[in-house]
Amino acid sequence: MNKNNPSGLLEIKRPPLFYGYTIILVSFFIQAIVWGISNSFGMFFAPLISEFNWSRAMISGAASLCFLTHGLSSMLMGNLNDRLGPRLIIGVCGIFLGLGFWLMAKVDSAPQLYLFYGLVFGIGLGGIDVIPLSTVTRWFKKKRGMMTGIIKVGTGVGMFVLPFFITWLLRDYGWRISFKVLGGIIMVSVIFLGQFLVRDPVQKAQFIDNETSRKSENSTGTEEGLSFNEAIHTRQLWTICAIFFIILLCVFTIVIHIVQHAIDLGIPSAVAAGILATIGGVSISGRFLMGGAGDKLGEKTALLVCLFFLLTALFWLLITKTLWLFYLFAAFYGFAHGGFFSLLSPLIAKQFGTRTHGLLYGIAIFSSTIGGAIGPFMAGYIFDVTRNYNIVFLILAALCIIAISLTLSLKPIIRDKNEQNELKS
């Protein structure tokens with residue numbers, strides 16, 4: 001034992017700038033650009049329908065395939081991120097994202113729509129959550145929820161700003177040039193920003209939470225928790241997967257169809273885009289506040305709050321016919337929407353640790369995107385048959401009640417005393 005360090009702690013000098021904050025900043029902008037553009041895909045429904053006379057179910061099916069591909073890709077990207085680190089993997093994702101949108105500018109048949117948007121773009125989308133958010137769990141522990149929330153605020157900013165930009169592109173340049181411009185923006189920004197991501201603090205000679213010392217037997221302070229084989233056999237993992245399967249089914253059904261639903265009720269398309277922007281704007285508060293609430297109250301309690309907001313919004317949507325009612329809906333729904341995406345990564349880390357966080361988070365994302373794949377297509381099909389969305393909203397409300405019940409049943413994993421003490425420290 002070192003005489004100058006009788007406690008056995010590994011010590012370093014605190015650096016002037018904790019690189020974890022660079023991770024937060026870079027991840028924020030990646031989320032803003034990619035999800036801001038991706039979540040605005042519903043704005044392309046009208047020009048695609050006008051150009052090709054496709055049904056809503058047809059276009060929604062491509063969005064559903066994209067979400068499913070995104071989920072499958074998330075498991076692969078999360079596993080590769082655990083093993084290889086984020087820089088190379090996020091760069092590959094940027095290439096797929098940009099290529100998918102660039103090819104969409106040349107689409108002239110339904111199979112191409114499904115190939116370019118459903119598969120190519122979906123593969124790239126798989127890394128946009130799992131890589132930045134799994135990385136941040138290795139840099140922060142005490143304020144993990146808040147930091148995740150700050151990153152996800154980027155998604156809200158993107159959803160607030162980019163619909164107006166895309167509306168201008170569509171109006172002045174048409175949908176084909178719009179896809180080209182957006183594809184170029186995604187590719188360049190993701191590849192460039194992704195090069196600032198670093199897997200964990202030890203690669204920068206730093207410690208988690210910017211601490212100056214760690215016990216020598218766990219010098220990085222990042223790789224704690226259950227192995228993949230241990231986690232995969234727990235009820236908690238599959239309960240979380242079921243909860244977020246329902247959440248994503250509800251969330252992406254709304255995101256994809258809400259603009260067109262408002263247009264059906266007589267609201268001009270440019271004004272209807274403002275509803276989506278309002279959801280994005282309000283979601284900023286949900287992402288930040290509920291991420292911090294997860295740190296203080298626990299992720300389970302924060303998740304229940306978001307689910308009750310979602311349930312209220314879905315029932316409200318049944319009576320929403322005018323613009324001001326849509327904006328009130330957007331306030332309730334946007335808060336819940338934002339909170340959900342700030343809670344999943346910290347919830348996985350709290351339950352299972354960070355040893356295989358990327359892969360476990362990827363599994364949860366895959367499960368949720370099955371719901372995201374089913375929801376928009378189901379809604380498009382039901383609308384084509386019934387000519388309204390009322391049955392869709394009732395189905396979503398019933399599923400939300402089931403998600404609340406599952407969340408109430410979620411119990412923490414029992415760990416030995418030493419691990420419990422480590423997780424509380």
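What comes next concerns the included structure. Nothing here was measured: the structure is a model prediction, and the numbers come from that model.

**A look at the environment of F377**
So, step 1. Among the structural elements, F377 can be located in helix 13 (residues 357-386).
So, step 2. Here F377 falls in the partly exposed class, since its relative accessible area comes to 40%.
So, step 3. Put simply, F377 and A63 are 314 residues apart on the chain and 7.9 Å apart in space, counted from C-alpha to C-alpha.
So, step 4. In contact with F377, other than residues within four places in its own chain, are A57, S60, G61 and S64.

**Let's talk about the nonpolar core**
So, step 1. Grouped together as the largest cluster of nonpolar side chains are 129 residues, with contacts concentrated most on I258 and F340.
So, step 2. With residues near it in sequence (within four places) discarded, I258 still touches I275, L276, I279, L317, F326 and F329.

**Some thoughts on the packing of helix 3 (residues 56-84) against helix 9 (residues 235-264)**
For any two helices packed against each other, the geometry is given by the interaxial angle and the distance between the axes.
So, step 1. Two elements in contact, helix 3 and helix 9, have axes whose closest approach is 10 Å; the angle formed by their N-to-C orientations is 155°. Considered as vectors, helix 3 and helix 9 are oriented roughly antiparallel to each other. Helix 3 and helix 9 meet at a crossing whose hand is right-handed. Contact with helix 3, carried on its side by R56, S60, A63 and F67, involves F252, I256, H257, Q260 and D264 of helix 9 and no other residues of that element.

So, how was this worked out
Residues numbered from 1 in each chain as written. Predicted model: local features only at pLDDT ≥ 70, side-chain atom pairs only at ≥ 80, totals over all residues. Heavy atoms only, no water. Helix = DSSP H or I, 4+ residues; strand = E, 2+ residues; numbered from the N terminus. Buried < 20%, exposed > 50% of the residue type's maximum accessible area, 1.4 Å probe, protein only. Contact = heavy atoms within 4.5 Å. Core = buried A, V, L, I, M, F, W, Y, C linked by side-chain atoms within 4.5 Å. Axes fitted to C-alpha atoms, helices over the stretch in contact; angles between N-to-C directions. Parallel < 35°, antiparallel > 145°, perpendicular 65-115°, else oblique. Left-handed = near helix turned anticlockwise from the far one by under 90°.

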